Amino acid sequence: MNCNGMTASRMESGTEIINLTLREKMVNRTVDLRSDTVTKPTESMRIAMANAEVDDDVLGHDPTAFRLEMEVARIMGKEAGLFVPSGTMGNLISVLVHCEIRGSEVILGDNSHIHIFENGGISTIGGVHPRTVKNNQDGSMDIDLIEAAIRDGKMDICYPTTRLICLENTHANSGGRCLPVEYIDKVGELATKYGLKLHIDGARIFHASVALGVPVHRLVQAADSVSVCLSKGLGAPVGTVIVGSKGFIARAKTLRKTLGGGMRQVGVLCAAALVGLQENVAKLERDHKNAKTLAEGLNKIKGLKVDVASVETNIVYFDILKSAYVSTEKLSKNLEERGILVMSLNSSRVRLVVHHQISTTDVQYTLSCIKEAMTGVPDENGCK
């Protein structure tokens, strides 16, 4: 204990707090590129949430939820919609509605979000068997491989029964690549030929629509159901809407309740999503341009490699070359000290996702900081 009665450990703790405060003061901005799920509600969203007209949605009486569901269904060219808490629940409900009989089989990409990132819910909860087909680099699956994966009904004593095909647009693990409408139509024709249903995981379907210049309803015309995430590119704080026929949605609503997704005065959240639909779709093109600028800039930095041509929407992957002798952990820590947050996927690969709260100057600042971190030489534009 020192003369002031303070122990050494308390002095060290105090010093750590002071140093932390100094570091926080040094970072005068935050550029969060971990995902497009990190956006904060805008002021107009908060106002809409505060003023939302609500009722009990489980009983089917919340007017704001109903308005959102009908609006998304209209935009998608489908009969009805249903608000659910997340894209994962939206996909799970959709698969379970189409595959009501346990032991049914769904054909989906081996690198798809449903297969990789949704806790195996279709199997553990729904008893649905996934049959994977290799995803190509652009997120598609070869049509002939999909057809070959469809089970022969004559062997149902041995095989599960194929009932559903799932696509993902944009395809997240492929870098936000877009499936063109011609391809989706062909998959839809294949599904019809064999009496199957088609579900599209459209977590970023508006990104695909903007990038391809195709109306979103046309992109999903061949689908029996679509899950549309509102908390990614559209910037809402929570939620997904699944759309399909009235019969599909009626069954989906029962499953939502079973899974614990029935919420009461959910119009408070739906009000923010409506603002996102009205205000943020128009911003997606700028996000795509910023992502392209980011990719092109990263590819010019020594020690990094980016497939610039693959950057079609708002997702950028880059690899750190072995010759750089820099790990993603080291780079991420360096960037975090400058207020830049990224997602490290492994020791050499990093993902960046642009959203409507990332500005052009944020992109330039990020490039300057990454260049300085990789080369050790301060960028002429300054990373301050």
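Here goes a summary of the coordinates provided. None of these values were measured; they are calculated from a predicted model. (Residues numbered from 1 in each chain as written. Predicted model: local features only at pLDDT ≥ 70, side-chain atom pairs only at ≥ 80, totals over all residues. Heavy atoms only, no water.)

Scanning the chain for helices and strands turns up 15 helices and 13 strands. Rg of the C-alpha trace for the chain: 23 Å, near the compact-globule value of 21 Å for 384 residues, within the 12% margin. Projected onto the principal axes, the alpha-carbon positions of the chain cover approximately 80 × 50 × 45 Å. Here the chain, with 384 residues, has 49% of them falling under the buried criterion. (Helix = DSSP H or I, 4+ residues; strand = E, 2+ residues; numbered from the N terminus. Rg over C-alpha atoms; globule rule 2.2 N^0.38 Å. Buried < 20%, exposed > 50% of the residue type's maximum accessible area, 1.4 Å probe, protein only.)

The next subject is the sheet that holds strand β13 (residues 349-353). A sheet is described by the order of its strands in space; here four strands give the open sequence β9-β10-β13-β12, paired in antiparallel fashion. Either end of the sheet is taken by a strand with one partner, and the two such strands are β9 (304-305) and β12 (343-344). The pairing of β9 with strand β10 (residues 315-320) spans two bridges and is classified as antiparallel. Bridge pairing links L304 to I320 in β10. Strands β9, β10 and β13 of the sheet are contacted by helix α13 (residues 284-299), whose axis makes an angle of about 10° with β10. Here helix α14 (residues 328-336) sits on the sheet and contacts β10, β12 and β13; the angle it forms with β10, its principal contact strand, is near 120°. (Pairing = 2+ DSSP bridges. Contact = heavy atoms within 4.5 Å. Axes fitted to C-alpha atoms, helices over the stretch in contact; angles between N-to-C directions.)

Turning to the packing of α13 against helix α15 (residues 360-375), a few remarks are in order. Direction vectors running N to C along α13 and α15 enclose 15°, while the axes themselves pass 10 Å from each other. Comparing the axis directions of α13 and α15 gives the class roughly parallel. As for the relative orientation of α13 and α15, their crossing is right-handed in sense. The residues of α15 that touch α13, namely those facing N290, T293, L294, G297 and L298, are T360, V363, Q364, T366, L367 and I370. Its residues assigned to classes, the contact of α13 with α15 comprises five nonpolar, six polar and no charged. (Parallel < 35°, antiparallel > 145°, perpendicular 65-115°, else oblique. Left-handed = near helix turned anticlockwise from the far one by under 90°. Nonpolar A, V, L, I, M, F, W, Y, C, P; charged D, E, K, R; others polar.)

Counting residues in each nonpolar core, the largest one holds 47 residues, and the members touching the most others are L68, M76, L167 and F206. Look past the residues within four positions of L167 in its chain and what remains in contact with it is M141, L179, Y183, I184, V187, L198, H199, I200 and D201. Core analysis: the next-biggest nonpolar cluster, separate from the first, contains 30 residues, V342, V350, Y365 and C383 among them. (Core = buried A, V, L, I, M, F, W, Y, C linked by side-chain atoms within 4.5 Å.)

In this structure, N173 sits in the loop between β5 (161-168) and α8 (181-193). Here the side chain of N173 touches N111 through a polar contact of 2.9 Å, side chain to side chain. (Polar contact = N/O pair within 3.5 Å; in protein donor to acceptor, adjacent residues only side chain to side chain.)

Residues apart from glycine generally show negative phi values, whereas peptide bonds are mostly found in trans. Here the bond from N169 into T170 is cis, since omega is 0°, no more than 30 degrees from zero. On the secondary structure map, T170 appears in the loop between β5 and α8. The phi torsion at N119 lies on the positive side, around 60°, for a residue other than glycine. Among the secondary structure elements, N119 is positioned in the loop between α5 (113-117) and α6 (121-124).

Our next topic: the pairing of strand β6 (residues 197-202). The element β6 is extensively covered by neighbouring structure, given that five of its six residues are classed as buried. Pairing analysis gives five bridges linking β5 to β6, with the strands arranged parallel. Looking at the pairing, L167 lines up with I200 of β6. Once you follow β5 into α8 and on to β6, the crossover reads as right-handed. Bridge count for β6 against strand β7 (residues 225-229) is four bridges, and the pairing is parallel. Each bridged residue has a counterpart across the sheet, and for D201 the counterpart in β7 is S227. (Right-handed = clockwise from strand over helix to strand, strands pointing away.)

So, to be careful, I would describe these as geometric facts and stop short of saying anything about function.
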